[in-house]
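# Descriptive analysis of the structure
One letter stands for each residue in the lines below.
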Amino acid sequence: MSLDIKTIKQLAEYLESAELEVRDVVKITDAHPEMIWNDAYAIQDEIRLRKEARGIKTIGFKAGLTSLAKMKQMGVDTPVFGFLSDYFAVPDGEAVKMDALIHPKAEPEIAFVLKRALKGPGCGIDEVLAATDFVIPAIELIDSRYRNFKFDLTSVIADNCSSSRFVVGGRRMRADELDLGAIEVTFEKNGETVARGTGAAVLGHPAAAVAMLANMLGQFHREIPARAVVLSGAITEAIAVKAGDNVTSRVQNMGSVSLRFV
Ligand code: OOG
Ligand code: MG
């Protein structure tokens, strides 16, 4: 680590207040260019602890920047992970209030719900499929706390990888009943197709992103617990939304999931 614990706590407060007060902030690497990955994950963890101290439950994890489309869109080249708090989850079809968000973007994903804990290192696709209770279509709403949604890798990790809200819906399926790499996803905004992709866009297979997450957590001596929800990462680029918009992800054989914005 290159930052001391006091600075880590200050930066966690800086980023979490930006989220809670719905305002964008200057990215933290401007003042701390020496920051490394472990500093960034320590800040993210401190944000999680702040929330848990207020009674908010952590219900899972998200993998991010797991597709080429997203890495290109954001100008970074390595997958990352963040945590999911209980209040991030919104019901299928729900109206999301724009005044609680800074500049959200929506992206189609596949969510995994585990029946058994997963722990790296050495976790692969087969272990993930065996530990999965079911998979279900999801939309993640990301909302970077950074001005103009511009960041570098350490800044975005500290900011819990832009996590904000997510919804799951459509059909729950057993992961081994599907060829998740081959499933086709159509993402619509206001009834028009705005992006398309296949499961393979995410590291070749969405379960590979969950395995990567377990292996990354393993480096911190942590695991993905049983019952956790895991978002495996956007299959297409993220689409900006505003009040009045609605988005739907249609996933082959798995139904659809939607959100609207007011
Ligand atoms: C970082 C989060 C990326 C994904 O699915 O790729 C992410 C961002 O793009 O702001 O959630
Ligand atoms: Mg995402």
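Residues numbered from 1 in each chain as written. Chains lettered and ligands numbered in written order. Predicted model: local features only at pLDDT ≥ 70, side-chain atom pairs only at ≥ 80, totals over all residues. Heavy atoms only, no water.

### Overview of the overall build of the chain
- When you go through the chain residue by residue, the secondary structure sums to six helices and twelve strands.
- By the compact-globule yardstick of 18 Å for 262 residues, the chain fits well, its C-alpha radius of gyration being 17 Å.
- In the chain, which comprises 262 residues, the proportion classed as buried is 56%.
- If you sum the accessible surface of the chain, you get close to 10800 Å²; carbon and sulfur atoms cover 51% of it.
- Put simply, the chain has 31 plus and 35 minus side-chain charges, and the middle of one group is 3 Å from the middle of the other. (Helix = DSSP H or I, 4+ residues; strand = E, 2+ residues; numbered from the N terminus. Rg over C-alpha atoms; globule rule 2.2 N^0.38 Å. Buried < 20%, exposed > 50% of the residue type's maximum accessible area, 1.4 Å probe, protein only. Areas by Shrake-Rupley, 256 points an atom, 1.4 Å probe, with all protein chains shown as cover. Lys, Arg positive; Asp, Glu negative; His and termini not counted. Charge placed at Lys NZ, Arg CZ, Asp CG, Glu CD.)

### Notes on the coordination of the magnesium ion (ligand 2)
- Looking at the magnesium ion (ligand 2), the protein donor atoms are Glu 107 (OE), Glu 109 (OE) and Glu 140 (OE), and they sit 2.0 to 2.1 Å from it.
- As a motif over one chain, the donors of the magnesium ion (ligand 2) read E-x1-E-x30-E. Glu 109 matches Glu 107 in its accessibility class, with the two residues each being buried. (Donors = N, O, S within 2.8 Å, 3.2 Å for Na, K, Ca; no water.)

### Some points on helix H6 (residues 206–219)
- For H6, spanning 14 residues, the distance from its first C-alpha to its last is 21 Å, which sits close to the expected 20 Å at 1.5 Å a residue.
- For H6, the buried fraction is high: twelve of the 14 residues fall into the buried class.
- Listed in full, the buried residues belonging to H6 are Pro 206, Ala 207, Ala 208, Ala 209, Val 210, Ala 211, Met 212, Leu 213, Ala 214, Met 216, Leu 217 and Gly 218.
- Looking at the packing, one finds that the buried side of H6 touches helix H2 (37–53), strand E1 (58–64), strand E2 (80–85), strand E4 (105–114), helix H4 (125–131) and strand E9 (229–231).
- Just past H6, the residue His 221 takes up positive phi, approximately 55°. (Expected span 1.5 Å × (residues − 1). Contact = heavy atoms within 4.5 Å.)

### Focus on the site of ligand 1
- In the region of ligand 1, 17 residues are neighbours, and Leu 65, Lys 70, Glu 107, Ser 162 and Ala 234 sit closest.
- One nitrogen or oxygen atom from the side chain of Lys 62 is found 2.9 Å from an oxygen atom belonging to ligand 1.
- Protein chains shield 100% of the accessible area of ligand 1, which is 310 Å² for the free molecule.
- Going through the elements one at a time, E1, helix H3 (68–74), E4 and strand E5 (132–142) are the ones with two or more residues in the shell around ligand 1. (Near = heavy atom within 4 Å. Polar contact = N/O pair within 3.5 Å; in protein donor to acceptor, adjacent residues only side chain to side chain.)

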